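# Results of the structural survey
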Amino acid sequence: LLLAGCAAAVALLPPDSADRPQGLSLTYVEESQRGTARLGATPESERLPVAVAAAAPFEAAAEPLVPWARRPRGFTASVAPLGLPAPGLELLEEARVGAARRLRLRVSSPRGAQALILSFPVSQAPSTVRMNGRQVELSLGQARRRGGSHVTYSCLTVPPEGLEVELELGSAPVELILADRSLGLPAEWQALAAARPPDAVPIHEGDTTIVLRRVRL
């Protein structure tokens, strides 16, 4: 009887409540060269809380929030860019090996973000990737199986001096999307995070800020 009573109590809880909150993470994405910025909100329930919806001009996402995402998710809003510094890239060395090119780069985050992301179109993916001398497992096959347009490599603990990256590429020019990711929203959008009601909480990486640039290698 006691177990039945507990089951009934759980069943009577509303779908989203302070005791059973829904996941709702918020993201600010800025693309430096294009001078554009968007906010993303991904509620698990696919319902945007009223207070969050009122804090920015959200609409159902028509395209992925970042180029390496497989599909649109949740809601996005176009907003004015904040002019955050883009991740840095310095070409340290380039050599030809037969038809291939070997590049050694230093990538960094001037704003001190914790993570750096390198994303390539699947058709232009490097054959070898090393980060600080350590070879990174290629995820090209996985990206193709999932129907993704990009193959992506991440370092989640970037040292202050940045990260040395070695790439082996084909002879044709390649478009690299270089991004950094930090925890939390910018100060200018803290009011949006504060609008999230008690029955919603950040999940996975939580709220994040991403700044990206496109580089032709």
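Coordinates for the structure precede this section.
The rules behind these values
Residues numbered from 1 in each chain as written. Predicted model: local features only at pLDDT ≥ 70, side-chain atom pairs only at ≥ 80, totals over all residues. Heavy atoms only, no water. Salt bridge = Lys/Arg side-chain N within 4 Å of Asp/Glu carboxyl O. Helix = DSSP H or I, 4+ residues; strand = E, 2+ residues; numbered from the N terminus. Buried < 20%, exposed > 50% of the residue type's maximum accessible area, 1.4 Å probe, protein only. Phe/Tyr/Trp six-rings, centres within 6.5 Å; stacked < 30°, edge-to-face > 60°. Pairing = 2+ DSSP bridges. Contact = heavy atoms within 4.5 Å. Core = buried A, V, L, I, M, F, W, Y, C linked by side-chain atoms within 4.5 Å.

### Here's the deal with the pattern of salt bridges
Here the structure, examined in full by the defined rule, presents eleven salt bridges. The shortest N-O distance in the salt bridge between R34 and E31 comes to 3.4 Å. In this structure, the salt-bridge partner of R106 is E164, at a minimum N-O distance of 3.6 Å. Note that R106 is positioned in strand β6 (residues 100-108) and E164 in strand β11 (residues 163-169), a separation of 58 residues in sequence. Owing to a relative accessible area of 22%, E164 belongs among the partly exposed residues under this scheme. A single network of salt bridges, built from pairs that share partners, joins E31, R34, E175 and R214.

### Some words on the packing of aromatic side chains
Evaluation of the coordinates by the stated rule reveals one aromatic pair. A ring pair is formed by F120 and Y153, whose centres lie 6.3 Å apart and whose planes are at 65 degrees; its orientation type is edge-to-face. One end of the pair, F120, is in strand β7 (residues 115-121); the other, Y153, is in strand β10 (residues 150-155), with 33 residues separating them in the sequence. Classification of Y153 as buried rests on a relative accessible area of 2%.

### Description of the pairing of β11
Here β11 shows one buried face, formed by L163, V165, L167 and L169, and one open face, formed by E164, E166 and E168. By the bridge criterion, seven bridges tie β6 to β11 in an arrangement that is antiparallel. Bridge pairing links L103 to L167 in β11. When strand β8 (residues 128-131) meets β11, the two strands line up antiparallel, connected through four bridges.

### Quick look at the environment of L185
Summarising the element assignment, L185 is placed in the loop between β12 (175-183) and α4 (190-194). Sequence separation between L185 and I210 is 25 residues; the distance between their C-alpha atoms is 9.2 Å. Those residues in contact with L185 that sit more than four places away from it in its chain are L26, T27, Y28, Q190, L192, A193, D207, T208 and T209.

### Section: the side chain of T27
Of note, T27 is situated in strand β1 (residues 22-31). Sequence-distant contacts of T27, that is, excluding residues within four places in its chain, are made with R38, L39, G40, L65, L185, T208 and I210.

### Some words on the nonpolar core
With 21 residues, the main nonpolar core has F120, L167 and L217 as its most contacted residues. Of all the secondary structure elements, the ones that give two or more residues to this core are β6, β7, β8, β10, β11 and β12. Considering every element that reaches this core, the biggest residue donor is β11, with four residues. Leave out the neighbours within four places in its chain, and L217 touches R101, L103, L105, L167, L169, P173, V174 and L176. Residues L26, A37, A41 and L192 belong to the second largest nonpolar core, which totals 19 residues.

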